[in-house]
Amino acid sequence: MTQQLAGSPFLKPTFPKAPVGGPLRHRRHTLPASEFRNLTPQDAISSYVFCPLTLDEVLNFLAQCPELSLGWFEEGQLVAFIIGSGWDKEKLSQEAMTQHFPHSPTVHMHVLSVHRHCRQQGKGSILLWRYLQYLRCVPGLRRALLICEDFLVPFYLKAGFKERGPSAISVSNMRFQEMEHLLGGQAYARRNSGC
């Protein structure tokens with residue numbers, strides 16, 4: 001269908017109006033807006049609410065190595081995060097819990113935390129996958145190390161980590177397993193992956 005514009009040799013196309021609620025109606029995006037980005041010291045208060053680290057430890061790592069953190073924000077709210085730091089030795093030791101060694105080939109993942117209202121939704125697995133992809137883009141990084149309790153070992157194995165045996169680190173009477181993930185290979189180019 002076309003109609004001629006008054007006083008013009010050009011034809012203007014006309015389109016039938018879609019009925020309200022019909023198939024041509026534009027749908028509004030209903031998924032929450034998600035953003036993945038490095039944390040800042042301003043994010044420390046939000047992360048501290050559901051973090052096993054002290055506020056001072058969070059602020060210390062975010063001041064020294066914010067590039068080794070990753071937060072997942074939904075509609076502006078922090079729902080999950082990872083905080084890491086540089087480590088320059090083969091195995092983790094008690095010193096790794098508070099120190100950052102810049103320009104080292106290893107990142108020590110201190111914490112992966114998901115807000116209690118967002119647990120059991122797969123967010124931890126998704127965030128961990130994105131973090132490992134992001135780390136592959138950081139020049140000089142070769143591996144990620146972490147310690148975890150026995151019940152979390154299957155979670156990290158599924159993500160590609162390998163067991164390295166009992167950790168030398170203990171907190172109170174808690175014992176941990178040390179896990180390692182080699183960062184070789186190419187990162188997958190995905191929207192919002194940071195690569």
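Before reading on, note that the structure itself is shown above.
Okay, so let's go over this structure. In this text the structure is predicted, and so the values were computed from the model without any measurement. (Residues numbered from 1 in each chain as written. Predicted model: local features only at pLDDT ≥ 70, side-chain atom pairs only at ≥ 80, totals over all residues. Heavy atoms only, no water.)

A look at the nonpolar core
Short version of the rule: Take the buried Ala, Val, Leu, Ile, Met, Phe, Trp, Tyr and Cys residues and link them wherever side-chain atoms come within 4.5 Å; each set so joined is a nonpolar core. Think of it in three bands: with a 1.4 Å probe and only protein chains considered, a residue is buried below 20% of the maximum accessible area for its type, exposed above 50%, and partly exposed in between. Where helices and strands are cited, they refer to DSSP runs of H or I of at least four residues and of E of at least two residues respectively, numbered from the N terminus. We call two residues contacting when some pair of their heavy atoms lies within 4.5 Å.
Within the largest apolar cluster, 41 residues are counted, with the highest numbers of intra-cluster contacts made by Ile-83, Met-109, Leu-128, Tyr-131, Leu-135, Tyr-156 and Phe-161. Mapped onto this core, the elements with two or more residues apiece are helix H2 (55–64), strand E4 (69–74), strand E5 (77–87), strand E6 (106–114), helix H3 (123–136), strand E7 (143–148) and helix H4 (153–158). Residues contacting Met-109, with those up to four places away along its chain left out, are Ile-82, Ile-83, Gly-84, Leu-128, Tyr-131, Ala-144, Leu-145, Leu-146 and Phe-161. Residues Trp-87, Leu-92, Leu-145 and Phe-176 belong to the second largest nonpolar core, which totals eight residues.

Let's talk about the sheet that holds strand E8 (residues 162–171)
Strand pairs in the sheet, formed through backbone hydrogen bonds, run parallel or antiparallel to each other. Heads up, the rule is: Strands are labelled as partners when DSSP assigns at least two bridges between them. Here an axis means a line fitted to C-alpha atoms, over the contact stretch when the element is a helix, while the angle between two N-to-C directions is reported on a 0 to 180 degree scale.
Taken together, the seven strands give an open sheet; going across it, the order is E3-E4-E5-E6-E7-E9-E8, and neighbouring strands pair in mixed fashion. Here the strands that pair on one side only, and so sit at the sheet edges, are strand E3 (34–37) and E8. Pairs of neighbouring strands in the sheet enclose a mean axial angle of 25°, with direction left out of account.

What to know about the packing of aromatic side chains
What counts is decided by this rule: Classification of ring pairs rests on two measures: the distance between centres of Phe, Tyr or Trp rings, Trp counted by its six-membered ring, which must be within 6.5 Å, and the angle between planes, read as stacked under 30 degrees, edge-to-face over 60 and tilted in between. Here, over-ring charges are defined by two tests on the NZ atom of lysine or the CZ atom of arginine: distance to the ring centre within 6 Å, and angle to the ring normal within 35 degrees.
On inspection of all chains with the given rule, the structure shows four aromatic pairs. In this structure an aromatic cluster arises from ring pairing among Phe-155, Tyr-156 and Phe-161. Lys-89 extends its terminal NZ or CZ atom over the ring of Phe-101, reaching a point 5.0 Å from the ring centre. The side chain of Arg-130 reaches across the aromatic face of Phe-36, ending 4.2 Å from its centre.

A word on the pattern of salt bridges
Applicable threshold: Salt bridges are identified by distance alone: a Lys or Arg side-chain nitrogen within 4 Å of an Asp or Glu carboxyl oxygen.
In the structure shown here, the tally under the stated rule is 10 salt bridges. Between Arg-37 and Asp-43 there is a salt bridge, with the nearest N and O atoms lying 2.9 Å from each other. Looking at Arg-37, the relative accessible area reads 26%, which means it is partly exposed. Here Lys-89 makes a salt bridge to Asp-88, at a shortest N to O gap of 3.3 Å. We classify Asp-88 as partly exposed; its relative accessible area is 42%.

Things to note about H3
Quick note on the threshold: Take the number of residues in a helix, subtract one, and multiply by 1.5 Å to get its expected span.
Compared with the 20 Å implied by 1.5 Å per residue over 14 residues, the 20 Å span of H3 between its first and last C-alpha is a close match. Along H3, the residues classified as buried are Lys-123, Gly-124, Leu-127, Leu-128, Arg-130, Tyr-131, Leu-132, Gln-133, Tyr-134 and Leu-135.

Description of the environment of Ser-93
Secondary-structure assignment places Ser-93 in the loop between E5 and E6. The exposure class assigned to Ser-93 is partly exposed, which follows from its relative accessible area of 24%. In sequence terms Ser-93 and Ser-170 are 77 residues apart; their C-alpha atoms lie 9.3 Å from each other. Apart from the residues within four sequence positions on either side, Ser-93 is in contact with Trp-87 and Ile-169.

Things to note about unusual backbone geometry
The backbone of His-103 sits at a positive phi, close to 60°, despite the residue not being glycine. Structurally, His-103 is set in the loop between E5 and E6. One non-glycine residue, Gln-120, lies in the positive phi region at around 60°. Of note, Gln-120 is situated in the loop between E6 and H3.

Points about the environment of Glu-90
With respect to the helices, strands and loops of the structure, Glu-90 is situated in the loop between E5 and E6. C-alpha separation for the pair Glu-90 and Thr-106, spaced 16 residues apart in sequence, amounts to 8.7 Å. Here Glu-90 is in contact with Arg-143, Leu-145, Arg-164 and Glu-178, once residues within four sequence places are set aside.

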